[in-house]
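Here's the letter readout for the chains.
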Amino acid sequence: MAQNVLAIYPGTFDPITLGHEDVVRRATQLFGRVIVAVAAGHHKKTLFSLEERIEMVREAVRAYPQVQVETFSGLLRDFVVDRGGKAMVRGLRAVTDFDYEFQLAGMNRSLMPEVETVFLTPSDKFQFISSTFVREIALLGGEVDKFVSPEVSERLAVKVRAQSA
């Protein structure tokens, strides 16, 4: 493990899924410190507020003392450089993610040549899970318990009830 290396795992986490949690777990086995960077999401309309997403991520990573949760807005490059990050963690679920993530890694290398992008794949049972699918299933009244933690599932249920009221 790279004890003194700080890795940043950015995303909107709307909501955090078991796949995201698996990527965090894998990152903690490789890096001494990990920051899960929750994006303000200015370019996306999120179901959960920034504060709710931060709370869910903090709940999800509480078992890992070397993981902190922070928020960022603006250019990810600025956040990573300001924190002294040396690696950026990106989760890859399927080959369809690769093209976008490969382009993003190239752009990030151009902006931050001193920071490496590390692709981690979640366990097979989580590879098909996406926050988008989880939100859609929940909003349409489906079960999401096998895709998210019990805490996130409950928050989704509350959110769905509030929207249908």
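Look up: the structure comes first, before these words.
Report follows, based on the coordinates. Within each chain, residues carry numbers counting from 1 in the order of the written sequence. Totals for whole chains, interfaces and linings use every residue, but because this is a predicted model, local features are given only for residues with pLDDT of at least 70 and side-chain atom pairs only at 80 or more, for both listing and counting. Side-chain descriptors were evaluated using all non-hydrogen atoms of the structure, hydrogens and water having been removed beforehand.

1. Structural notes on the packing of helix 2 (residues 50-61) against helix 6 (residues 150-164)
The cut-off we apply is this: Convention adopted: a line fitted to C-alpha atoms gives each axis, helices being fitted over their contacting stretch, and angles between N-to-C directions are expressed from 0 to 180 degrees. Under the DSSP-based scheme used, a helix requires at least four consecutive residues in state H or I and a strand at least two consecutive residues in state E, with every element numbered from the N terminus. Our angle categories are set so that under 35 degrees counts as roughly parallel, over 145 as roughly antiparallel, 65 to 115 as roughly perpendicular, and the remainder as oblique. Note on contacts: a residue pair is in contact if any heavy atoms of the two residues lie within 4.5 Å. When residues are sorted by character, Ala, Val, Leu, Ile, Met, Phe, Trp, Tyr, Cys and Pro go into the nonpolar class, Asp, Glu, Lys and Arg into the charged class, and all the rest, Gly among them, into the polar class.
Where helix 2 contacts helix 6, the axes come no closer than 10 Å and their chain directions differ by 155°. The angle between helix 2 and helix 6 places the two elements in the roughly antiparallel class. Where helix 2 abuts helix 6, its residues Glu52, Glu55, Met56 and Glu59 lie against Glu151, Val152, Arg155 and Lys159. Class assignment of the residues belonging to the contact of helix 2 with helix 6 gives a composition of 2 nonpolar, no polar and 6 charged.

2. Concerning the nonpolar core
Cut-off, in case you're wondering: The definition of a nonpolar core used throughout is a set of buried Ala, Val, Leu, Ile, Met, Phe, Trp, Tyr and Cys residues joined through side-chain atoms within 4.5 Å. Throughout, exposure labels follow a simple rule: accessible area from a 1.4 Å probe, protein chains only, divided by the maximum for the residue type, with under 20% read as buried, over 50% as exposed, and the rest as partly exposed.
Of all hydrophobic cores here, the largest spans 34 residues; its most connected members are Phe31, Val36, Val57, Val89 and Leu156. Put simply, the parts of the chain that give this core at least two residues each are strand 1 (2-11), helix 1 (18-30), strand 2 (31-39), helix 2, strand 3 (67-72), strand 4 (87-91), helix 5 (131-139) and helix 6. Per element, the largest residue contribution to this core is 5 residues, and it comes from helix 2. In this structure, leucine 156 is in contact with Pro15, Leu47, Phe48, Val134, Ala138, Val144 and Val148, ignoring residues within four places of it in sequence.

3. Digging into the layout of surface pockets
Note the threshold: The way it works is a 1 Å grid over only the protein atoms, where trapped points that fit a 1.4 Å probe form a cavity and open points with protein on both sides within 12 Å along at least five of seven lines form a pocket, and then any residue with an atom within 4 Å of a point lines it. Grid points are joined across faces, edges and corners, and a volume is the space filled by probe spheres set on the points.
The calculated volume of the largest pocket comes to roughly 1,100 Å³. Lining of the largest pocket is provided by 44 residues; of these, Pro10, Gly11, Thr12, Lys44 and Arg90 occupy positions nearest its centre. When residues of the lining of the largest pocket are traced back to their parent elements, those giving at least two are strand 1, helix 1, helix 3 (76-83), strand 4, helix 4 (95-111) and helix 5. At 8 residues, the largest contribution of residues to the lining of the largest pocket is made by helix 4. Of the residues contributing to the lining of the largest pocket, the split by class is 18 nonpolar, 17 polar and 9 charged. One number sums up the size of the second largest pocket: a volume of about 170 Å³. Taken together, Ala138, Gly141, Gly142, Glu143, Val144, Asp145, Ser153, Leu156, Ala157 and Val160 make up the full set of residues lining the second largest pocket. A per-element tally of the lining of the second largest pocket places helix 6 first, with 4 residues. Of the residues contributing to the lining of the second largest pocket, the split by class is 5 nonpolar, 3 polar and 2 charged.

4. Some remarks on the pairing of strand 2
Walk down a regular strand and you will see the side chains alternate between the two sheet faces. Our working rule: The criterion for strand pairing is that DSSP finds at least two bridges linking the strands in question.
Among the 9 residues that make up strand 2, 8 are buried, leaving the element largely enclosed by the rest of the structure. Of the strand pairs in this sheet, strand 2 and strand 3 are connected by 6 bridges, and their pairing is parallel. Looking across to strand 3, one finds that valine 38 is bridged to threonine 71.

5. Concerning unusual backbone geometry
In this chain, aspartate 14 is followed by proline 15 through a cis amide linkage whose omega measures 0°. Examined against the element boundaries, proline 15 turns out to sit in the loop between strand 1 and helix 1.

6. Concerning the side chain of glutamate 101
To keep it simple, the criterion reads: Pairs of N or O atoms within 3.5 Å make up the polar contacts considered here, provided that, within protein, one atom can donate a hydrogen while the other can accept it, and that residues adjacent in sequence are counted only when both atoms are side-chain atoms.
Looking at the element boundaries, glutamate 101 is found in helix 4. At a separation of 2.8 Å, a polar atom in the side chain of glutamate 101 contacts the side chain of arginine 90. Filtering out sequence-adjacent residues up to four positions away, glutamate 101 remains in contact with Arg90, Gly91, Leu92 and Phe119.

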